[in-house]
Amino acid sequence: MTENTVDMFADTYRYNSVVVAFYIVAWANQNKVTINLTKTQKLLYVAYGANLILGKDRLCNEHPQAWPYGPVFPTTRKKLLKTNLQEITMDSEILAEVREDDYLKEVVKFVFEGFGNKTAGQLTAWSHRANSPWEETTHMSNFKWGNEIPDAYIYEYFSQIINVTPQA
């Protein structure tokens, strides 16, 4: 992939990134999966990538950015820094609009089935692999920490790791 690749996704999205992050945390808490801020960020990134493949559009209003410890959604990070993650449940008021959203339920379930058993450190290391969207972004000319990771990079990478088989 070259840095001149035109982004193939319109600047439209399904959800607010903070809502999706809260949903991921609530799902983890409900299913007794250990979660922290870093793991939430990485699982949100996986959900974002999976949605580009499965839904053919952007999952949320915020693009992941390349930060030193991997992909980060700054708005969600800032909001979650001020929140006790263990207190987030599916009954949280912020989740009212998506609590019964079957599509989001399936995407998050898919993410946890593939990545939920990983630690924050393992997910960070995974996001830094050679040829990952984060790594490719950090090697672009004029790169600065906080640059958006192009959706085209994410799509190409996730299309290699997510097997989408047509429904019969």
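Please read these numbers as outputs of a predicted model, since none were measured by experiment. (Residues numbered from 1 in each chain as written. Predicted model: local features only at pLDDT ≥ 70, side-chain atom pairs only at ≥ 80, totals over all residues. Heavy atoms only, no water.)

Let's talk about unusual backbone geometry
In terms of backbone geometry, most residues other than glycine have negative phi values and most peptide bonds are trans. The backbone of Lys 32 shows a phi angle near 55 degrees, a positive value even though the residue is not glycine. Mapped onto the fold, Lys 32 is located in the loop between α1 (17-30) and α2 (37-54). One non-glycine residue with positive phi stands out, namely Asn 131, at about 70 degrees. Within the secondary structure layout, Asn 131 lies in the loop between α5 (120-127) and α6 (133-138). Judged by its relative accessible area of 55%, Asn 131 is exposed. (Helix = DSSP H or I, 4+ residues; strand = E, 2+ residues; numbered from the N terminus. Buried < 20%, exposed > 50% of the residue type's maximum accessible area, 1.4 Å probe, protein only.)

Points about helix α7 (residues 151-161)
Inspection of α7 places Asp 151, Ala 152, Tyr 153, Ile 154, Tyr 157 and Phe 158 among the buried residues, and these make up the whole buried set. In the core, the buried residues of α7 are packed alongside α2, β2 (58-60), α5 and α6. (Contact = heavy atoms within 4.5 Å.)

Some remarks on the packing of α2 against α5
Interhelical geometry of α2 versus α5 gives an angle of 45 degrees and a closest axis separation of 8 Å. In this view, α2 runs oblique relative to α5, as classed from their interaxial angle. Read as a crossing pair, α2 and α5 show a hand that is left-handed. Taken together, the residues of α5 that come into contact with α2 (itself represented by Thr 38, Lys 39, Lys 42, Leu 43, Tyr 45 and Val 46) are Ala 120, Leu 123, Thr 124, Trp 126 and Ser 127. Looking at the contact of α2 with α5, its residues break down into six nonpolar, three polar and two charged. (Axes fitted to C-alpha atoms, helices over the stretch in contact; angles between N-to-C directions. Parallel < 35°, antiparallel > 145°, perpendicular 65-115°, else oblique. Left-handed = near helix turned anticlockwise from the far one by under 90°. Nonpolar A, V, L, I, M, F, W, Y, C, P; charged D, E, K, R; others polar.)

A few points about the environment of Asn 61
By secondary structure assignment, the location of Asn 61 is in the loop between β2 and β3 (65-67). Distance in space between the C-alpha atoms of Asn 61 and Ile 94 is 16 Å, their sequence separation being 33 residues. A distance of 2.7 Å separates a polar atom in the side chain of Asn 61 from the backbone nitrogen of Ser 17. (Polar contact = N/O pair within 3.5 Å; in protein donor to acceptor, adjacent residues only side chain to side chain.)

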